[in-house]
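# A structural walkthrough
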Amino acid sequence: MLIKNHDDIRSSEITPENLYYSRREFMRAASVAGIGLATEALFPHRLVGQERWPRGKEGLYDTDEEVNTFKEITTYNNFYEFGTDKSDPSEYSGDFKPRPWTVKVDGAVRKPAVYHLEDLVKPFKLEDRIYRMRCVEGWSMVIPWRGFPLADLIRKVEPTSKAKFIAFETVYRPAEMPGQRRSVLQWPYVEGLRMDEAIHPLTLLVVGLYGKELLNQNGAPIRLVVPWKYGFKGIKSIVKISFVEQQPPTSWNIYAPNEYGFYSNVNPEVDHPRWSQKTERRIGEFFKRKTLMFNGYADQVAHLYAGMDLRKYF
Amino acid sequence: MTQAQWIQRVVKPVAFLSALVPLGLLLWRGLNGELSANPISDITNETGTWTLRFLMITLAVTPLRRITGWSGIARFRRMSGLFAFFYGSLHFMTYLYLDQFFDINSILHDIPKRPFITVGFTAFVLMIPLAATSMDRIAKWMGGKRWRRLHRLVYATAIAGVIHYLWLVKADTRPPLTYAAILAVLLGYRIWVYVRPRLAQLRLPARKEAEPA
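Residues numbered from 1 in each chain as written. Chains lettered and ligands numbered in written order. Predicted model: local features only at pLDDT ≥ 70, side-chain atom pairs only at ≥ 80, totals over all residues.

Residues lying three or four places apart along an α-helix face the same way, a consequence of the helix completing one turn every 3.6 residues. Residue and element names in this part refer to chain A. Of the positions making up helix α6 (residues 150-157), those classed as buried are Leu150, Leu153 and Ile154. Down the axis of α6, the sector holding all buried residues measures 100°, keeping them to one side. A positive phi of about 55° marks Glu158, the residue just after α6. (Buried ≥ 20, exposed ≤ 12 C-beta atoms within 10 Å, placed from the backbone. Helix = DSSP H or I, 4+ residues; strand = E, 2+ residues; numbered from the N terminus. Arc of directions from axis to C-beta.)

This part covers the nonpolar core. If you look at the biggest cluster of nonpolar residues, it comprises 64 residues, and the most contacted ones within it are Ile143, Ile166 and Phe168 of chain A. Excluding its chain neighbours within four sequence positions, the residues that come into contact with Ile166 of chain A are Gly192, Leu193, Met195, Ala198, Ile241, Ser242 and Phe243 of chain A. The next biggest cluster of nonpolar side chains, apart from the first, holds 20 residues, and it includes Phe54, Tyr87, Phe124 and Ala160 of chain B. (Core = buried A, V, L, I, M, F, W, Y, C linked by C-beta atoms within 7 Å. Contact = placed C-beta atoms within 7 Å.)

All names here are of chain B. For the pair helix α3 (residues 77-99) and helix α5 (residues 115-132), interaxial distance at closest approach is 10 Å and the crossing angle is 140°. Classified by the angle between their axes, α3 and α5 sit oblique to one another. Here α3 runs over α5; the crossing is left-handed. Between α3, through Gly81, Leu82, Ala84, Phe85, Gly88 and Phe92, and α5, the contact on the second element is made entirely by Phe124, Met127, Leu130 and Ala131. Counted by class, the contact of α3 with α5 contains eight nonpolar, two polar and no charged residues. (Axes fitted to C-alpha atoms, helices over the stretch in contact; angles between N-to-C directions. Parallel < 35°, antiparallel > 145°, perpendicular 65-115°, else oblique. Left-handed = near helix turned anticlockwise from the far one by under 90°. Nonpolar A, V, L, I, M, F, W, Y, C, P; charged D, E, K, R; others polar.)

Residues and elements named next belong to chain A. Pro100 follows Arg99 through a cis peptide bond whose omega is -10°. Inspection of the secondary structure assignment puts Pro100 in the loop between α4 (88-92) and β1 (102-107). Of note, the amide linkage connecting Trp187 to Pro188 takes the cis form, showing an omega dihedral of -5°. Residue position: Pro188 is located in the loop between β5 (165-170) and β6 (190-194). For Glu158, which is not glycine, the phi torsion reads 55° and is therefore positive. In this fold, Glu158 is placed in the loop between α6 and β5. At Ser264, a residue that is not glycine, the phi angle is positive and equals roughly 50°. Tracing the backbone through its elements, the reader meets Ser264 in the loop between α8 (251-255) and β11 (279-282).

Written out as structure tokens, the structure reads:
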């Protein structure tokens, strides 16, 4: 699909020009009134020479929302293998060695293999995708990932009819990953997708962001990105991809089955048992915004769950 | 200068200014771009943490006074308690304004529905009568016994505050459990002080009975 399909953005979502400008007027007035000043005081890094993603050539799946800065994306992370604070992954991932790296592909496939990372990535065309990322904790970012559709790899390894799910596994290296020395979660981290979710064109295997190779704190050297699901489904530093018949176990579900489901689709109508999922704070913004069904990707993915009780299969 | 004057004129102002340092640091970090990419979350966490810390300090005053015999320390109990209320108020205001944007409907919906918000809100509300009756004149007017009884609410505030912290973390329960352990020691000491003389009394008549008549 090279030509942008007009179904992807409903016309109701496009702000009329006059409203757009009156919003700008309002924002200008509001900033004089103080909100803007407070925002500038709280987010000074957004103003002074922070790297921003150049806009202008958005593709089919790209959001046109403002992209978060490189600094925001690389210093505010959940990656418990390096510690549970948001700053831990950027502070304590210095010892992690993402090269050399191999990924094992096994299970119900005709061509199982152990790939060197370079060989795994080489056959595929890398593209930049600007996705929303919604964390289950109630914050979100807009991130320009670089990667290729997981579907490309799936096609290449030729799954058999027994492959109903894909299970992923993160590397286990407590010597390089200080968070793994404590059993906050059960290590190694594992995740999974149903096959139709895995082959969906939005689902990416990511090797970079902001046009550069992934940094350790973002899941180097290769990670999963599933933009309509909560961020923790995007398993990082993948060493194993298994094609399986049964629904595989997933780390957060093992930790708290009543709080984190296998699907974990972004859904403002189904609250986390302890907090609301109706709103989210976009990193860099002052006030919260409404969370969208399937993180705004409902037009593309809602059909995958047609007829399913999303309260039961949360 | 007598010791009382020294405490009044030097130590207390220093303690007061020190208690403002966490707020000052937060502002300084904010203005210098040293908070994380989610500064509102940082403000919420810092003010909440310092509320708990000042509650623990407040609850440590009486045991320290009893154990060390240094009665001067009691002069800092009210200040510390009021700073717990101060940071608790900042924490609550952050929630009202930055989290809920003063949306009364949303807040009324949120407080009873989210257990961690319910206990946190309870902890805050229970501090209000304590802060309001903190002045000497009011304590005198109430009478020592009634005042002390009312101010035992601080135990409930501290317990609710720690539960609030425990219920909001996603997986790493180590920090809230640390506070729980400290609180257990501080409250355990009080239980021990209360129970020990009564146990001794229980033992005493038993020994008498054992004596030959």
